[in-house]
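# Secondary and tertiary structure notes
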Amino acid sequence: MTLRTRFAPSPTGFLHIGGARTALFCHLHTRRHQGTFVLRVEDTDTERSTQEAVAVILEGLHWLGLSPDEGPFFQSHHTQRYLEVVQELLQAGHAYVCTCSKERLDALRERQRENGDKPRYDGLCRELHLPADPQRPHVIRFKTPREGETLWEDRIQGAIRISNGELDDLILVRSDGSPTYNLAVAVDDHDMGITLVIRGEDHISNTPRQIHVFKAMGWEIPDYAHMPLLHGSDGAKLSKRHGAVSVLQYREEGFLPSALNNYLARLGWSHGEQEIFTRAELEQLFDISALGRSAAIFDQAKLLWINGHHIRAATPEQLLPELAYQLTRLGVEPPPSPETLATILPEFQSRAATMVEMAQKCRFLFIDSVQPYEEKAARKHLTTAMRDPLAALAATLETLPEWTIAALESAFQSTLETFHLSMGQLAQPLRVALTGCGASPGILETLWMLGQDKSLNRIQAALDHLAARQP
RNA sequence: GUCCCCAUCGUCUAGUGGCCUAGGACGUCGGCCUCUCACGCCGGUAACACGGGUUCGACUCCCGUUGGGGACGCCA
């Protein structure tokens, strides 16, 4: 049987890093086994589901390169089908009408909690055979077997068994006539021919409920693989309201999708001592059978390291759009030409852990003035003693026939000799003049990237700055 | 509270009874390289939660304790 998996987000908010990891694992495992990856939007909660959330989730998946082979399908389009299944269940005696009020249910749960019991429906309407009277508010519940236990061989967790006595009669159809999650999931997983359900560990408790629906309908039960959750630095599950941010936020912060995928894959999974993986390698190597069973904590520091690695490994062309984007966010408008960016980009690849950082570090090339200087750097390096050497260097640079690294180097060297200066003694003041701060790529490369006009202007500006400080 | 799951350096992990005086990576600390900042390179720091078994021998198997997490909705 060929593998069919699905990723099933609910559109009640953005796609966060934990959801992205689930989607990634599912996608990777499916690729590895030449299966089909289906995307299904679980929007049975019409109150909380929004179109905006759907769009944002799709965008997040697309950015990570996790686009589905089939879908997106929407559960809200399958309502009729779910209700048909419920009719079958009702007729076969696997479901029943329940008229218990929410108030009664709340009171019941409170009492059970006080007694130290597990809160659950007591089955008051279970044997009443109430009619589905449209005039009287009611829900439809599944008649969960009271005896026995439900067990499955989880592909990640191993054997899991839960006695049916732990379960209550879940609601299949709400009083407004809409189907609920557990019904919809079971029906769709069957209808879509899903053979392997890969999802978060937080769904373990739903699995026996869904298996019961499968059994009642006489359907073949899929395999299940419940992956360990992602935790925040406090050790608690990452969720929308707890520490997790949208994956698109990572794009804004200058992370590469290849890096995020690489990092996420290493959370719970490993392949020997390899840390860096390309997407192609992951699709070749990743398998849920190699997953660990314990939750992992999200570590931004390691993500940064991996992102830096992917930035260094990328070609300038690959990074170009991202750099242009980040530069405009920093107010460099319009962004420099692709040719210009491709020329300077290699100088910054080993100097940035994120594309935001890269934009910040090369921004000086594209602005009109780098003043005011970073105070500490200016105070330390831009001293009056440097006036003559800088002026002399400027004079030499002005007459340079060609603006090449080699030409710049000889001009620089001759100035050093004339004034008996060491490399650093001249490079640092010049660096402050050119960039406004004390750190940049090599000084010759910096001059070269900046170009003759801007370099001369900035040296002159620095000399003016020094003159202004003179009494 | 009840049920389910988990447990190796701060973090991610390797380890499937002897190869482990526990390996790698991030971080951190020190050093090298060096015109600055990075990159790179070298080195240090740091862990098998605890208690019982099983065994000639346990990080590895079993039980318990403790700790952590998850689930207990007319949410998904």
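It should be noted that the structure appears before, not after, this text.
Below: a short report on this structure. Since the model is a prediction, treat every value here as computed from it, not as a measurement.

This paragraph deals with the packing of aromatic side chains. Evaluation of the coordinates by the stated rule reveals 8 aromatic pairs. Here the aromatic rings of Phe25 and Phe286 are separated by 4.8 Å at their centres, their planes lie at 50 degrees, and the arrangement is tilted. Of this pair, Phe25 sits in helix H1 (residues 17–32) while Phe286 sits in the loop between helix H9 (279–285) and strand E12 (296–297), placing them 261 residues apart in sequence. Comparing Phe25 with Phe286 shows no difference in burial state: the two are buried. Aromatic side chains Trp152 and Tyr224 sit 6.4 Å apart centroid to centroid with 65 degrees between the ring planes, which places their arrangement in the edge-to-face category. Of this pair, Trp152 sits in strand E6 (residues 149–154) while Tyr224 sits in strand E10 (residues 223–227), and the two are 72 residues apart along the sequence. Of the two residues examined, Trp152 and Tyr224, each falls in the buried class. Three or more aromatic residues joined by ring pairs make a cluster, and in this case those are Phe25, Trp269, Phe277 and Phe286.

Ranked by size, the top nonpolar core spans 100 residues in total, and within it Phe298, Leu323 and Leu397 carry the most contacts. Non-local contacts of Leu323, meaning those with residues more than four positions away in its chain, are made with Leu341, Ile344, Leu345, Met355, Met358, Ala359 and Cys362. Ranked by size, the runner-up nonpolar core spans 30 residues in total, among them Ala95, Trp152, Val173 and Met217.

Omega for the bond connecting Gly71 with Pro72 falls within 30 degrees of zero, at 10 degrees, which places this linkage in the cis form. Turning to its location among the elements, Pro72 is positioned in strand E3 (residues 70–74). Residue Pro334 is bonded to the preceding Glu333 through a cis peptide linkage, with omega at -5 degrees. Its place among the elements puts Pro334 in the loop between helix H11 (316–329) and helix H12 (338–349).

Rules used in this analysis
Residues numbered from 1 in each chain as written. Chains lettered and ligands numbered in written order. Predicted model: local features only at pLDDT ≥ 70, side-chain atom pairs only at ≥ 80, totals over all residues. Heavy atoms only, no water. Phe/Tyr/Trp six-rings, centres within 6.5 Å; stacked < 30°, edge-to-face > 60°. Helix = DSSP H or I, 4+ residues; strand = E, 2+ residues; numbered from the N terminus. Buried < 20%, exposed > 50% of the residue type's maximum accessible area, 1.4 Å probe, protein only. Core = buried A, V, L, I, M, F, W, Y, C linked by side-chain atoms within 4.5 Å. Contact = heavy atoms within 4.5 Å.

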